[in-house]
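Here is what each chain is made of, one letter per residue.
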Amino acid sequence: MKWPARRLTGGSRKSFGMYDEAAAMDAAGFDLIHLEFGRPHADTPDHIKAAAKAALDAGIVHYGDFRGTPSFRKALTRKLREFNRLDYAIDEVLVCNGLTHASFAAMMAAIDPGDEVILLDPYYPQHIGKIELAGGTVVIAELDSANNFAISRDKIAAKITERTRMIVLVNPANPTGRVYSRDELQHIAALAIEHDLLVLSDEVYEHITYGNAKHVSIASLPGMRERTITCFAFTKAYSMDGWRVGYLAADARLMPAILRIAMTDITHVNVFVQEGARAAIEGPQDAMLAMVEADRRKRDIVVRALNQMPGVTCAEPEGTIYAFPDIRGTGLSSNELAMRILHDAHVVVEAGSFYGPAGEGHLRICFGSESEKRVVEAMERLTRLFNSL
C-alpha cells in the first residue's frame, strides 16, 4: 500500500539536534539543568492523589460517560462560572486527555480542508500539526517584540481572507509570558465577529499570573461565547502533567462534531483520574497558590539575573512559567546560543526561533521546571557564560 504523503511542519518535539545532544549528555553523566521542559517541578498535591486512590478503592473503574463523568462536569461548570465568568450547561463541557487532546478534537471538528487558521507569532508550535492534520493551512500574524508582543488588530486583520476559519489564541501566552488585557482581547473579538470566525482559546496557564495581571477568558466578551472553543487543563497549576486530563467548553451547537472526534479517538477519559481532577477544583487551593508563589520567586530570580547579563534584556513575564529574553545583543542566533549554553554551561534552554519568526533573537527559559536552588545555579552558569562571550 502506498500511503498518501503529508508534510507536517509542526509537532511535539522541539529542536531534534539539541534534544538529542542533551539526551546524550545526560546519558554520559553531565549535570544538566533542564529549563526547556514546560512542566511543573512540584509533585501533585496529596489530596488530589488521595481522591484518585479512593475512587479506585470504591470501584470507579468501569466505562463512563463519553463527555466525562456528570459529577466532574458539574464541578467544571461551577468553576467556569465562578473563575472564568462563563456560563455553560453540563453538556457544553467535554472532558479530554489534557489540553493537547482538547485542542485536537476542536480543530478536527471545526477545520475543513483548505481552511486558513491564524496563529499569533510567537506561537505554540504543537498547534501547527493539528491544523495540518485537519487539512487546514497555517497563517502567521507576527507580533512586535518592540511592543512586548501586544496583540495588534491591524496585523491580524491583514491576514484574514475569505478562507479564514479560525484564530488560535494562547492566553496567558507561551512562550512570551504575556497575559493579554481585555482591550487586547477585544481586538480579536471584534475581528472574529466582523468576519464570522471561530476562536480557539488555549488557557492552560489561566491560574499562573503574577502581580496585577488578571486572566480574562475571551469567551466572556460580548458576542464571543457562541464562537469560542476554550480549552483548559490541570497540567500546570495543579502539577498534573502526567495525569493527562483537561477539558473544553463550547456552545451546544459546536459540541456534537467535537464529541464525535473525542468518542472516536479515546471513547472517554479515565474515570478515576477524573475524580482526582474534581478534587483539584473542589478541594483546598492552598497547594496551587503555593506553587504559583514559588514560580513567582523563580521568575524574579531569572529576570533579575538575565537583565544583568551582557547582550540580554528580559521583560518581566506577567504569567506562565517562561521567560523570553531578547538575546540579539549577543550577535548570535537563538539556536546558536542555545547550543552554546548547552555545551558550555550545561543548561538546556530553547531557541526562540522554534516558536516562529518573531521568536528569533530570543530564548525560552522555563523557570517552573526546576527547584529554586537549581534555577539559581542555572543563572550563575549563564552569567559566567555570557560574561565570557
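Residues numbered from 1 in each chain as written. Predicted model: local features only at pLDDT ≥ 70, side-chain atom pairs only at ≥ 80, totals over all residues. Heavy atoms only, no water.

1. Focus on the pattern of salt bridges
Stage number 1. Tallied over the entire structure, the rule returns 28 salt bridges.
Stage number 2. With its nearest N and O atoms 2.8 Å apart, the salt bridge here joins aspartate 31 to arginine 381. Linking aspartate 31 in the loop between α1 (16-27) and β1 (33-34) with arginine 381 in helix α12 (residues 372-388), this pair joins segments that are 350 residues apart in sequence.
Stage number 3. Look at aspartate 31 and you get partly exposed, because its relative accessible area is 38%.
Stage number 4. Among the salt bridges present, the one from arginine 225 reaches aspartate 251, with a minimum N-O distance of 2.9 Å. You can see arginine 225 sitting in the loop between β6 (198-202) and β7 (228-233) and its partner aspartate 251 sitting in the loop between β8 (246-249) and α8 (255-265), a full 26 residues away along the chain. (Salt bridge = Lys/Arg side-chain N within 4 Å of Asp/Glu carboxyl O. Helix = DSSP H or I, 4+ residues; strand = E, 2+ residues; numbered from the N terminus. Buried < 20%, exposed > 50% of the residue type's maximum accessible area, 1.4 Å probe, protein only.)

2. Thoughts on the packing of aromatic side chains
Stage number 1. One pass over the full model with this rule turns up 8 aromatic pairs.
Stage number 2. Ring geometry for tyrosine 19 versus phenylalanine 37: centroids 6.1 Å apart, planes at 75°, classification edge-to-face. Taken as a pair, tyrosine 19 in helix α1 and phenylalanine 37 in the loop between β1 and α2 (46-57) lie far apart in primary sequence, 18 residues in all.
Stage number 3. The class for tyrosine 19 is buried, based on a relative accessible area of 12%.
Stage number 4. By relative accessible area, phenylalanine 37 is classed as partly exposed at 28%.
Stage number 5. The interplanar angle of 20° and the centroid separation of 4.8 Å between the aromatic rings of phenylalanine 232 and tyrosine 247 together place this pair among those described as stacked. Taken together, the residues span a long stretch of sequence, with phenylalanine 232 in strand β7 and tyrosine 247 in strand β8 at a distance of 15 residues. (Phe/Tyr/Trp six-rings, centres within 6.5 Å; stacked < 30°, edge-to-face > 60°.)

3. Overview of the side chain of aspartate 202
Stage number 1. Here aspartate 202 shows up in strand β6.
Stage number 2. Despite its burial, aspartate 202 remains without a salt bridge, the nearest opposite charge being carried by lysine 130 at 6.3 Å.
Stage number 3. If near-sequence neighbours (up to four positions away) are discounted, aspartate 202 is found in contact with Leu99, Tyr124, His127, Leu169, Val170, Asn171 and Cys231. (Lys, Arg positive; Asp, Glu negative; His and termini not counted. Contact = heavy atoms within 4.5 Å.)

4. Comments concerning the sheet that holds β6
Stage number 1. Across the sheet, 7 strands lie side by side as β2-β8-β7-β6-β5-β3-β4; this open sheet has mixed pairing. The open sheet terminates on both sides in strands that have one partner only, identified here as β2 (93-96) and β4 (137-142). With direction set aside, neighbouring strand axes in the sheet form an average angle of 20°.
Stage number 2. As judged from the 5 bridges shared by strand β5 (residues 164-170) and β6, these two strands associate in the parallel manner. Each bridged residue has a counterpart across the sheet, and for isoleucine 167 the counterpart in β6 is valine 199.
Stage number 3. Along the sheet face, helix α7 (residues 182-195) touches β3 (116-121), β5 and β6 and points at about 165° away from the line of β5. (Pairing = 2+ DSSP bridges. Axes fitted to C-alpha atoms, helices over the stretch in contact; angles between N-to-C directions.)

5. Considering α8
Stage number 1. Those residues of α8 lying buried are Met255, Ile258, Leu259 and Ala262. One side of α8 carries all its buried residues, which in axial view fall inside an arc of 100°. Facing away from the buried side of α8, by more than 90 degrees, are the exposed residues Pro256, Arg260 and Thr264.
Stage number 2. On its buried side, α8 packs onto β2, α4 (98-110), β7 and β8. (Arc of directions from axis to C-beta.)

6. Brief notes about the sheet that holds strand β9 (residues 322-323)
Stage number 1. Pairing is antiparallel in the open sheet, where 3 strands are placed in the order β9-β12-β11. Sheet topology places β9 and β11 (350-351) at the edges, where each strand pairs with a single neighbour.
Stage number 2. In the sheet, β11 pairs with strand β12 (residues 363-366) via 2 bridges, with the strands oriented antiparallel. Paired with alanine 351 across the strands is leucine 363, a residue of β12.

7. What about the packing of helix α3 (residues 70-83) against helix α9 (residues 271-282)?
Stage number 1. Where α3 meets α9, the axes come as close as 10 Å, and the angle between the chain directions of the two elements is 25°. Looking at the two axes, α3 sits roughly parallel to α9. For the crossing formed where α3 meets α9, the hand is left-handed. Of α9, the residues touching α3 (which contributes Ser71, Phe72, Ala75, Leu76, Arg78 and Lys79) are Gln274, Glu275, Ala277, Arg278, Ile281 and Glu282. (Parallel < 35°, antiparallel > 145°, perpendicular 65-115°, else oblique. Left-handed = near helix turned anticlockwise from the far one by under 90°.)

8. Structural notes on the environment of glycine 135
Stage number 1. Note on placement: glycine 135 falls in the loop between α5 (126-133) and β4.
Stage number 2. Glycine 135 gets classed as partly exposed once you look at its relative accessible area, which sits at 21%.
Stage number 3. The sequence separation of glycine 135 and lysine 79 amounts to 56 residues, and the corresponding C-alpha distance is 34 Å.

9. Brief notes about the packing of α4 against α5
Stage number 1. Following both chains from N to C, one finds α4 and α5 inclined at 30°, their axes separated by 9 Å at the closest point. It follows from the interaxial angle that α4 and α5 lie roughly parallel. Considering only the axes of α4 and α5, their crossing is right-handed. Residues Thr100, Ser103, Phe104, Met107 and Met108 of α4 form the contact with α5, whose participating residues are Gln126, His127, Lys130, Ile131 and Leu133.
Stage number 2. Its residues assigned to classes, the contact of α4 with α5 comprises 5 nonpolar, 4 polar and 1 charged. (Nonpolar A, V, L, I, M, F, W, Y, C, P; charged D, E, K, R; others polar.)

10. Details of the confidence of the model for the chain
Stage number 1. With 96% of its residues at a pLDDT of 70 or more, the chain has an overall mean of 94.
Stage number 2. Confidence drops under pLDDT 50 across residues 1-14; counting only partners more than four residues distant or on other chains, this segment forms 24 contacts. (pLDDT = per-residue confidence, 0-100.)

11. Here we look at the environment of serine 333
Stage number 1. Position of serine 333 among the secondary structure elements: in the loop between β9 and α11 (334-345).
Stage number 2. Given the relative accessible area of 24%, serine 333 is considered partly exposed.
Stage number 3. In this structure, the C-alpha to C-alpha distance between serine 333 and glutamate 360, residues 27 residues apart in sequence, is 7.1 Å.
Stage number 4. The residues touching serine 333, leaving out its near neighbours within four places in the chain, are Ile327 and Glu360.

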